[in-house]
Amino acid sequence: MSTIRVPEVVPPPKQDAERLKQAFDGIGTDEKAITWVLGRRNASQRQKIKETYQQLYKESLIHHIKSEISGGFRDAVVLWTQDPPERDAKLAKEALKKKSGTKSLQVIVEIACASSPYHLAEVRKTYCSLFECSLEEDIASAVPLPHRKLLLALVSSFRYDKEVVDMGVANSEATRLHEAIKAKQLDHDQVVHILATRNFYQLRATFECYEEKYGNHIEKDIKSCGKGDMVNLLKMVILCIDSPERHFAEVIRTSIVGLGTDEAALNRAIVCRAEVDMKKIKQVYPLIYKDTLDSDVIGDTSGDYQDFLLTLTGSKF
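Because the structure is predicted, anything quoted here is derived from the model rather than measured.

Scoring rules and cut-offs
- Residues numbered from 1 in each chain as written.
- Predicted model: local features only at pLDDT ≥ 70, side-chain atom pairs only at ≥ 80, totals over all residues.
- Heavy atoms only, no water.
- Core = buried A, V, L, I, M, F, W, Y, C linked by side-chain atoms within 4.5 Å.
- Buried < 20%, exposed > 50% of the residue type's maximum accessible area, 1.4 Å probe, protein only.
- Helix = DSSP H or I, 4+ residues; strand = E, 2+ residues; numbered from the N terminus.
- Contact = heavy atoms within 4.5 Å.
- Arc of directions from axis to C-beta.
- Salt bridge = Lys/Arg side-chain N within 4 Å of Asp/Glu carboxyl O.
- Axes fitted to C-alpha atoms, helices over the stretch in contact; angles between N-to-C directions.
- Parallel < 35°, antiparallel > 145°, perpendicular 65-115°, else oblique.
- Nonpolar A, V, L, I, M, F, W, Y, C, P; charged D, E, K, R; others polar.

Peer 1: Would you take a moment to explain the nonpolar core for this structure?
Peer 2: Ranked by size, the top nonpolar core spans 98 residues in total, and within it L20, L151 and I252 carry the most contacts. Examining the composition of this core, we find that nine residues originate from one element, helix α15 (residues 229–242), more than from any other. With sequence-adjacent residues up to four places away left out, L151 is seen in contact with L105, I108, V109, I139, V143 and L233.

Below, the structure is given as structure tokens:
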């Protein structure tokens with residue numbers, strides 16, 4: 001599902017580190033070399049390159065990247081070069097500093113509902129190490145009720161990760177969800193418990209039962225509860241669990257349409273999913289928007305920034 005094109009014969013980390021140092025030295029920066037090396041290495045390979053670079057030159061590779069390139073290209077390369085749990089921990093911290101409703105909380109939902117339980121556990125561990133407090137503590141202090149209740153349950157969970165489904169449970173919990181939505185009790189304890197504790201396969205079966213029993217997808221019925229942050233948050237949770245590829249296709253499309261580009265959202269979606277499910281995102285994108293993901297990226301970015309993003313989506317060789 002990854003779109004990263006790692007070469008069949010990968011150079012040793014020392015050679016990659018030396019190639020990057022050459023790209024930084026001299027007059028101007030060789031941006032294409034940065035893309036060629038880092039854009040074609042997986043997470044463990046990038047980690048070894050960072051460690052080797054530090055050993056060879058007594059300098060942080062990420063700090064050197066920040067000093068040599070700029071703009072969206074710099075931000076995307078820095079995100080990509082970070083270890084994935086560190087990257088998500090920092091994105092979560094930044095999101096919790098903002099005061100922009102459910103849009104800023106989107107990052108927390110993605111980490112909790114569109115990642116493996118093992119990745120979420122690593123993010124929480126890294127968060128504590130980086131910021132000397134837990135992710136839960138910061139959510140508790142930064143997010144108001146009722147959003148806090150749901151988010152705390154989501155990030156505190158460690159879901160079973162095997163494909164195990166009990167259709168009896170799916171049927172009964174579809175009924176419980178419908179009753180809560182019908183009563184517009186979106187933060188009901190049972191809603192929170194079901195969404196935060198069941199494995200993703202079980203929840204998708206529950207959503208299918210819901211649609212079969214009540215004629216609408218659960219997301220549509222949540223929309224009928226009106227407008228508001230809790231409605232938006234719950235819709236986001238459902239979509240990230242039910243179809244993360246659709247969620248990230250939406251993030252990418254929204255970052256591109258209209259005046260200007262939301263580079264932070266575009267970078268987050270492409271960088272964070274390139275090694276997870278970018279192939280699925282690229283498949284579903286034209287079914288929703290009639291344009292390909294790559295054509296939208298090409299139409300809204302340029303130069304080295306565009307080349308780097310297209311390298312991550314597997315379109316640049």
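Right, picking up where we left off after that structure.
Peer 1: Help me understand helix α19 (residues 293–300) in this model?
Peer 2: Residues that lie three or four places apart on an α-helix share one face, since the helix turns once every 3.6 residues. Every buried residue of α19 is listed here: L293, D294, D296 and V297. Viewed end-on, α19 has its buried residues packed into an arc of 160°, placing them on one side of the element.

Peer 1: What's the story with the environment of A170 in this structure? I'm lost.
Peer 2: Secondary-structure assignment places A170 in helix α11 (residues 167–182). For A170, a relative accessible area of 0% corresponds to the buried category. The contacts of A170, once residues within four sequence positions are left out, are Q202, A205, T206 and C209.

Peer 1: Please clarify how the pattern of salt bridges should be interpreted in this entry.
Peer 2: Side-chain pairs of opposite charge can arise where the charged atoms are in close proximity. Following the criterion strictly, the structure yields 20 salt bridges and no others. Here E18 makes a salt bridge to K14, at a shortest N to O gap of 2.6 Å. Of the two residues, E18 and K14 both sit in helix α1 (residues 13–24), four residues apart, roughly one turn of that helix. Accessibility expressed as a relative area gives 29% for E18, which makes it partly exposed. Classification of K14 as partly exposed rests on a relative accessible area of 44%. Here K149 and D189 are joined by a salt bridge, their closest N and O atoms 2.6 Å apart.

Peer 1: Looking at this structure, I do not really get the packing of helix α2 (residues 31–38) against helix α20 (residues 303–312). What am I missing?
Peer 2: Relative placement of two packed helices is described by the angle separating their axes and the distance separating the axes. Put simply, α2 and α20 touch, their axes get as near as 10 Å, and they point 10° apart. Overall, the two elements α2 and α20 adopt an arrangement that is roughly parallel. Where α2 approaches α20, its residues E31, K32 and T35 are matched on the opposing element by D304, D307, F308 and T311. Its residues placed into classes, the contact of α2 with α20 shows one nonpolar, two polar and four charged.

Peer 1: How should the side chain of S134 be read in this particular structure?
Peer 2: Relative to the assigned elements, S134 resides in the loop between α8 (117–131) and α9 (135–142). Residue class for S134 comes out buried when judged on its relative accessible area of 14%. Residue contacts for S134: discarding those within four places in its chain leaves Y127 and C128.

Peer 1: When you look at unusual backbone geometry in this model, what are you seeing that I'm missing?
Peer 2: Excluding glycine, residues mostly carry a negative phi; peptide bonds, for their part, are mostly trans. With an omega dihedral of 0°, the bond running from L145 to P146 counts as a cis peptide bond. Summarising the element assignment, P146 is placed in the loop between α9 and α10 (147–156). Positive phi, normally seen in glycine, also occurs at E132, with a value near 55°. Assignment of secondary structure puts E132 in the loop between α8 and α9.

Peer 1: Looking at this structure, I do not really get the environment of G72. What am I missing?
Peer 2: Within the fold, G72 resides in helix α5 (residues 71–81). G72 sits in the buried class, given a relative accessible area of 7%. Residues G72 and H147, spaced 75 residues apart in sequence, show a C-alpha to C-alpha distance of 31 Å. In this structure G72 touches E263, N267 and Y305, once residues within four positions along its chain are discounted.

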